[in-house]
Amino acid sequence: MSAVDPTFDLDGQPVALQPGDTILSAAARAGLDIPHLCWSEEVSGSASCRLCTVLAEGRPVAACVTPAVAGQKVECRTPSLATQRLRLLQMLFVEGNHFCPGCEKSGNCLLQVQAERAGMTDLNFEVLNPERPVDASHPDVLFEPNRCILCQLCVRASDEIDGKRVFAIGGHGIATRLLIDSPSGRLGDSALSVDDRAAHICPVGALLPKRVGFAVPIGQRRFDTEDTRG
Amino acid sequence: MVDAATVAGGVDAVLGRWQRDPHALVQILRETQALTHWLPRPLLAHIAAALGLTLAHVEGVAGFYRFFHTRPVGRTRVLFSDNITDRMLGSETLLAQLCARLGVAPGEVDAQGRFSVDRCSCTGLCDQGPALLVNHHPVVTRLDAARVDALADLLLADTPVEQWPAAWFDVIDGVQRADVLLSGLAADTPALPAVLAQSPQALLDEVATSGLRGRGGAGFPTARKWQACRDAAGDLRVVVCNADEGEPGTFKDRVLLASHADAVFDGMTVAARAVGAQQGFLYLRGEYRFLLPQLEQVLARRRAQGLLGRDVGGVAGFGFDIAIHLGAGAYVCGEESALIESLEGKRGTPRIRPPFPVQAGYLGRPTVVNNVETFCAVAHIARRGGAWWAGIGTTQSTGTKIHSVSGDCARPGLYEYPLGTPIAQILADCGARDVQAVQVGGPSGACVPASEAGRAIAFEDVPSAGAFMVFDRTRDLFEVARHFARFFAHESCGLCTPCRVGTELVVRRLDKLAHARGAGSASAFDIDRLHDLDTVLHSGTHCGLGASACNPLRDTMRHFGAAYAQRATAPQFQPDVDLDAELSSARRATGRSDAGAHLHTDTPA
Ligand SMILES: Cc1cc2nc3c(=O)[nH]c(=O)nc-3n(C[C@H](O)[C@H](O)[C@H](O)COP(=O)(O)O)c2cc1C
Ligand code: SF4
Ligand code: SF4
Ligand code: FES
């Protein structure tokens with residue numbers, strides 16, 4: 001080993017890397033933001049949202065699951081990738097039913113802030129208007145599938161952190177959906193507890209602990225920063 | 001109808017036969033459904049409990065495969081093959097005819113639960129279509145109005161499938177031009193034991209010398225894949241033959257398995273020897289269920305001959321056997337890592353790579369996945385030598401390639417040529433006339449206009465996984481692209497955003513251009529959106545399905561732009577919804593239908 005830490009180049013900045021790093025985990029440690037939705041350092045990757053797509057030596061890859069390689073040139077802030085991210089976000093918005101003004105996750109929602117940062121001002125595609133009934137059967141956690149972006153963070157948190165396997169993915173294609181493990185298929189009959197990590201890891205307002213809505217005043221929410229306050 | 005106790009007993013027998021192995025979940029669901037017709041939730045819960053899985057997991061697997069039914073279906077299920085070639089042969093009219101006779105709509109079950117009629121993706125019988133599957137097995141070929149009429153009679157009379165006319169189930173090989181592979185192994189070539197007596201490295205070296213590249217689509221050098229597997233850490237290794245053949249318009253693997261199964265298994269055995277594998281799988285697509293008994297027989301014979309099992313071919317210490325796993329109707333399971341997930345009893349979702357299957361595949365073991373035709377070629381190369389194979393074809397694309405020819409031509413069927421053969425020659429040989437375009441390599445491949453028929457099929461020019469669909473000048477290539485778009489949307493695994501949402505948006509946009517959705521007409525705006533979607537899918541998806549989903553769209557927009565332009569006639573953007581139709585419930589409520597109760601649009605109705 002040389003005395004100098006190995007690095008790779010992200011948009012002209014050197015990023016130090018450690019064994020086992022993905023491009024995204026190394027960048028996150030260095031405080032550099034690669035836009036993402038389905039990644040969390042707490043659980044394994046699912047590579048599903050594709051928002052973290054970067055060019056590694058010119059080839060598009062998902063930064064959250066692609067091993068970082070010393071000396072590699074990685075581009076994230078290019079005009080075409082910016083358009084790509086905008087389109088992906090627009091796709092997620094038209095796929096579900098996202099009504100930000102009425103959502104108690106507003107200001108703390110990763111999808112919302114990514115859209116703001118991407119400069120999204122319209123949906124670009126036609127809305128798909130799915131019919132997804134809300135599941136309010138659990139005493140402490142609400143499941144609002146209209147806002148689910150199928151990131152699988154809850155699936156992995158329940159499997160890998162809580163050891164409970166409460167969630168799974170069902171269907172295929174545009175009918176893909178989140179399944180809940182219980183005899184009725186409803187959250188209230190499942191083993192989920194509000195103390196589980198899975199009840200809190202949702203990046204959007206799909207899985208929400210009840211009775212804490214709007215607790216944080218506007219201005220102090222997670223994403224109330226200069227770049228989003230308008 | 002089978003009674004509940006028999007069902008429960010039958011299910012437990014299935015569970016027992018698979019030793020309650022959760023990795024056999026797909027096989028267990030398939031065999032259970034063969035007893036119960038569909039998979040009710042309590043049954044899934046029973047299976048989940050027996051295998052130590054969650055109900056949600058089992059439900060997720062059952063809901064992934066198109067051949068598993070989580071809602072009631074008829075005791076006899078008819079599935080019309082829905083490739084574009086089936087449609088060109090009149091499948092939609094025949095489907096409508098059958099539905100009318102039976103009094104059911106596509107996708108519905110009749111009131112007494114006797115039958116249901118629906119569509120499925122390509123069954124791999126394009127040269128003898130239109131075709132349909134009965135209870136996913138067997139297959140009825142060469143449908144026409146008379147056959148469909150007789151079929152309706154049998155269904156209405158509840159006649160068991162075993163008593164249907166045997167001629168309906170005929171499947172022919174249809175070999176029109178045979179080269180080395182389709183001619184079979186010559187009598188004077190050395191037998192497998194002699195081949196296996198060589199060192200593993202010698203076998204690998206022959207394959208390297210041959211320059212053989214995979215025939216499943218990606219064209220990866222076979223020897224390099226094997227070497228990587230051989231070099232990977234681990235004691236147990238696996239060889240998998242990818243017989244998923246889901247690419248619409250491809251049916252060469254079906255013929256190789258039907259008539260050259262020994263060569264395919266020889267190739268797998270050579271691969272096992274070369275990489276040091278003990279375990280082999282043939283992943284047979286569910287649509288080819290009719291080949292299963294015959295393939296099992298060949299395997300049993302090979303075991304008896306000492307070509308499988310312990311000390312294979314008399315080589316001390318070389319143990320290798322092959323098991324057959326059946327798919328259940330999911331095109332994406334042809335992607336090698338999705339195939340491995342499916343082999344492990346899971347949803348067929350492509351894995352994150354690295355690790356690659358050669359490093360960690362089936363149950364984490366280093367695994368080689370190759371196409372049926374690739375293994376068949378290996379059987380020949382192992383006997384005749386790599387240099388012999390390298391002498392056929394071009395420098396970059398050695399050997400021969402089998403093409404599954406269908407569509408507008410006089411002689412559909414299989415054609416084997418050295419790589420580097422021009423498209424024009426295949427067109428001439430199959431009796432194609434008045435050609436507008438050829439879809440080479442299936443929907444994931446390239447749509448080549450007749451003006452480029454001088455191009456050759458080879459990795460350096462037009463690569464192909466084997467499909468060769470001919471369209472004459474009467475065909476509307478916009479509709480062809482729309483059909484393929486529906487195929488990809490239907491087959492998306494749903495994991496990643498661009499493919500899951502993007503394929504659906506492509507379908508909706510094309511439907512709008514076809515006036516099948518929304519009001520009024522489409523505009524240049526809609527064409528722009530299609531270009532947008534193409535860009536997002538092409539560079540942002542997790543696997544090759546999404547990445548190639550817009551290929552037919554892109555090629556036809558480029559070469560046959562007029563077919564799109566004539567559908568995008570509105571001077572400015574037209575909404576996706578029919579605003580006037582939205583008012584229909586208000587009109588009904590108020591009992592009005594006068595002009596004032598309608599929205600005026602300046603586009604013709
Ligand atoms: C969506 C998709 C479907 C595929 N279907 C098949 C198939 O049916 N048969 C096949 O051999 N390869 C298929 N492939 C390619 C396989 O992933 C893999 O490359 C191939 O089986 C390797 O074998 P080869 O090297 O002998 O070609 C498919 C790939 C994708 C992305
Ligand atoms: S509920 Fe939330 S965490 Fe779970 S898949 Fe949906 S968006 Fe992701
Ligand atoms: S591109 Fe994505 S959604 Fe489509 S089949 Fe591949 S992994 Fe699944
Ligand atoms: S964060 Fe990488 S794909 Fe979602």
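Above: the structure in question.
So, here is what we can say about the structure in this document. (Residues numbered from 1 in each chain as written. Chains lettered and ligands numbered in written order. Predicted model: local features only at pLDDT ≥ 70, side-chain atom pairs only at ≥ 80, totals over all residues. Heavy atoms only, no water.)

## Structural notes on the overall build of chain A
Secondary structure assignment for chain A yields five helices and nine strands. Written out in order from the N terminus, the α and β elements of chain A read β-β-α-β-β-β-α-α-β-α-β-β-β-α. Compactness check: chain A gives a C-alpha radius of gyration of 19 Å against a globular reference of 17 Å for 230 residues, within 12% of the reference. Summarising its shape, the C-alpha atoms of chain A cover approximately 55 × 40 × 40 Å along the three principal directions. Taking contacts inside chain A between residues at least 6 apart in sequence as the whole, the part at least 24 apart equals 62%. With the model as given, the accessible surface of chain A reaches about 10,400 Å², and the carbon-plus-sulfur share is 53%. When the 22 positive and 28 negative side-chain charges of chain A are each reduced to one mean point, those points stand 2 Å apart. (Helix = DSSP H or I, 4+ residues; strand = E, 2+ residues; numbered from the N terminus. Rg over C-alpha atoms; globule rule 2.2 N^0.38 Å. Contact = heavy atoms within 4.5 Å. Areas by Shrake-Rupley, 256 points an atom, 1.4 Å probe, with all protein chains shown as cover. Lys, Arg positive; Asp, Glu negative; His and termini not counted. Charge placed at Lys NZ, Arg CZ, Asp CG, Glu CD.)

## Considering the overall build of chain B
Helix and strand counts for chain B come out as 26 helices and 16 strands. Here the C-alpha atoms of chain B give a radius of gyration of 25 Å, agreeing with the 25 Å that 2.2 N^0.38 yields for 605 residues. Each principal axis of the C-alpha distribution contributes one length, and for chain B these read about 90 × 65 × 50 Å. Within chain B, the proportion of its 605 residues that are buried is 59%. Distance between charge centres in chain B, computed from 57 positive and 64 negative side chains, equals 2 Å. (Buried < 20%, exposed > 50% of the residue type's maximum accessible area, 1.4 Å probe, protein only.)

## Quick look at the site of ligand 3
Close to ligand 3 lie 13 residues; Cys493(B), Cys496(B), Cys499(B), Cys543(B) and Gly546(B) are nearest. When its residues are assigned to classes, the shell around ligand 3 shows eight nonpolar, five polar and no charged. (Near = heavy atom within 4 Å. Nonpolar A, V, L, I, M, F, W, Y, C, P; charged D, E, K, R; others polar.)

## Observations concerning the nonpolar core
Counting residues in hydrophobic clusters, the biggest one holds 120 residues, and the most contacted among them are Leu37(A), Leu111(A), Phe167(A), Leu29(B), Tyr65(B), Leu510(B) and Tyr564(B). Setting aside residues up to four positions removed in sequence, Leu37(A) forms contacts with Cys49(A), Leu51(A), Leu89(A), Leu92(A), Leu110(A), Leu111(A), Gln114(A), Ile149(A), Leu153(A) and Pro203(A). If you look at the next biggest cluster of nonpolar residues, it comprises 64 residues, including Leu257(B), Ala261(B), Ala271(B) and Cys376(B). (Core = buried A, V, L, I, M, F, W, Y, C linked by side-chain atoms within 4.5 Å.)

## Focus on the pairing of strand 8 (residues 321-326) of chain B
All names here are of chain B. Direction of pairing for strand 7 (residues 279-284) relative to strand 8: parallel, over a ladder of six bridges. The residue bridging Leu282 from the neighbouring strand is Ile324, located in strand 8. Read from strand 7 through helix 14 (residues 292-304) to strand 8, the crossover connection turns out right-handed. (Pairing = 2+ DSSP bridges. Right-handed = clockwise from strand over helix to strand, strands pointing away.)

## Here's the deal with the interface of chain B and chain A
Contacts between chain B and chain A engage 41 residues on the former and 41 residues on the latter. Buried area between chain B and chain A, both sides added, is near 3,300 Å², and the carbon and sulfur share of it is 57%. Taken together, chain B and chain A are joined by three salt bridges. In this structure, Arg87(A) engages Asp532(B) in a salt bridge whose closest nitrogen and oxygen atoms are separated by 2.7 Å. The interface formed by chain B and chain A contains 19 residue pairs in polar contact (both at pLDDT 80 or more). Put simply, the parts of the chain that give the side of chain B that touches chain A at least two residues each are helix 4 (55-62), helix 19 (477-491), helix 20 (497-513) and helix 21 (524-540) of chain B. If one sorts the elements of the side of chain B that touches chain A by residue count, helix 20 of chain B sits on top with nine residues. Tallied by class, the residues present in the side of chain B that touches chain A amount to 15 nonpolar, 15 polar and 11 charged. (Buried area = accessible area lost by both parts, 1.4 Å probe. Salt bridge = Lys/Arg side-chain N within 4 Å of Asp/Glu carboxyl O. Polar contact = N/O pair within 3.5 Å; in protein donor to acceptor, adjacent residues only side chain to side chain.)

## As for the site of ligand 1
All names here are of chain B. The environment of ligand 1 is formed by 18 residues, the closest being Gly216, Asn242, Asn370, Asn371 and Thr374. Separating an oxygen atom of ligand 1 from a backbone N or O atom of Gly216 is a distance of 2.6 Å. At 2.9 Å, a side-chain N or O of Asn242 approaches an oxygen atom of ligand 1. Taking 610 Å² as the accessible area of ligand 1 by itself, protein coverage stands at 89%.

## A word on the sheet that holds strand 4 (residues 139-140) of chain B
Residue and element names in this part refer to chain B. With respect to topology, four strands assemble into an open sheet ordered 2-1-3-4, the strand pairing being mixed. Two strands in the sheet have a free side with no partner beyond their single neighbour: strand 2 (115-120) and strand 4. With two bridges connecting them, strand 3 (residues 132-134) and strand 4 associate as antiparallel partners. In the strand pairing of strand 4, Leu133 is matched with Val139. Where helix 6 (residues 91-102) meets the sheet, its contacts fall on strand 1 (76-81) and strand 2, and the angle it forms with strand 2 comes to roughly 165°. (Axes fitted to C-alpha atoms, helices over the stretch in contact; angles between N-to-C directions.)

## What to know about the pairing of strand 4 (residues 59-62) of chain A
Residues and elements named next belong to chain A. Of the strand pairs in this sheet, strand 3 (residues 53-56) and strand 4 are connected by four bridges, and their pairing is antiparallel. Bridge pairing links Leu55 to Pro60 in strand 4. Between the antiparallel neighbours strand 3 and strand 4 lie two residues, among them Glu57 with a positive phi of about 50°.

## Things to note about the packing of aromatic side chains
Residue and element names in this part refer to chain B. Scanning the model with the defined rule gives 13 aromatic pairs over all chains in all. Ring geometry for Phe478 versus Tyr564: centroids 5.2 Å apart, planes at 80°, classification edge-to-face. Of this pair, Phe478 sits in helix 19 while Tyr564 is found in helix 24 (residues 561-565), placing the two residues 86 residues apart along the sequence. Here the two residues Phe478 and Tyr564 agree in accessibility, since each one is buried. Aromatic side chains Phe525 and Phe573 sit 4.5 Å apart centroid to centroid with 70° between the ring planes, which places their arrangement in the edge-to-face category. Placement of Phe525 in helix 21 and of Phe573 in the loop between helix 24 and helix 25 (579-582) is noted, with a sequence separation of 48 residues between them. Overall, the relative accessible area of 26% leaves Phe525 in the partly exposed class. A relative accessible area of 39% places Phe573 in the partly exposed class. Following the ring pairs from residue to residue traces out a cluster consisting of Phe64, Tyr65 and Phe68. (Phe/Tyr/Trp six-rings, centres within 6.5 Å; stacked < 30°, edge-to-face > 60°.)

## Concerning the pattern of salt bridges
All names here are of chain B. All told, the structure shown has 52 salt bridges over all chains when counted by the stated rule. Arg383 is the partner of Asp266 in a salt bridge, and the nearest nitrogen-oxygen pair spans 2.9 Å. One end of the pair, Asp266, is in helix 13 (residues 261-275); the other, Arg383, is in helix 16 (residues 372-384), and 117 residues separate them in sequence. For the residue pair Asp266 and Arg383, the accessibility class agrees, reading buried in each case. Among the ionic contacts, a cluster of salt bridges with common partners joins Asp262, Asp266, Arg301, Arg302 and Arg383.

## A word on the side chain of Thr222(B)
With respect to the element layout, Thr222(B) can be found in helix 11 (residues 222-231). Non-local contacts of Thr222(B), meaning those with residues more than four positions away in its chain, are made with Val207(B), Leu212(B), Arg213(B), Gly214(B), Asn370(B) and Thr374(B).

## Some remarks on helix 11 of chain B
All names here are of chain B. Listed as buried for helix 11 are Thr222, Ala223, Lys225, Trp226 and Cys229. Angularly, the buried residues of helix 11 cover 160° about the axis, an arc narrow enough to put them on a single face. Exposed side of helix 11, more than 90 degrees from the buried face: Arg224 and Asp231 are the residues found there. Residues of helix 11 that are buried sit in contact with helix 10 (200-210), helix 13, helix 15 (336-343), strand 9 (367-371) and helix 16. (Arc of directions from axis to C-beta.)

## Considering a nonpolar patch on the surface
Residue and element names in this part refer to chain B. Taken together, the side chains of Val577, Leu579, Leu583 and Leu599 define a hydrophobic patch exposed on the protein surface, amounting to about 300 Å² of accessible area. Turning to its location among the elements, Leu583 is positioned in the loop between helix 25 and helix 26 (584-590). Assessed through its relative accessible area of 33%, Leu583 is described here as partly exposed. (Patch = residues over 30% accessible without salt bridge, like charges linked within 9 Å, V, L, I, M, F, W, Y side chains within 5 Å.)

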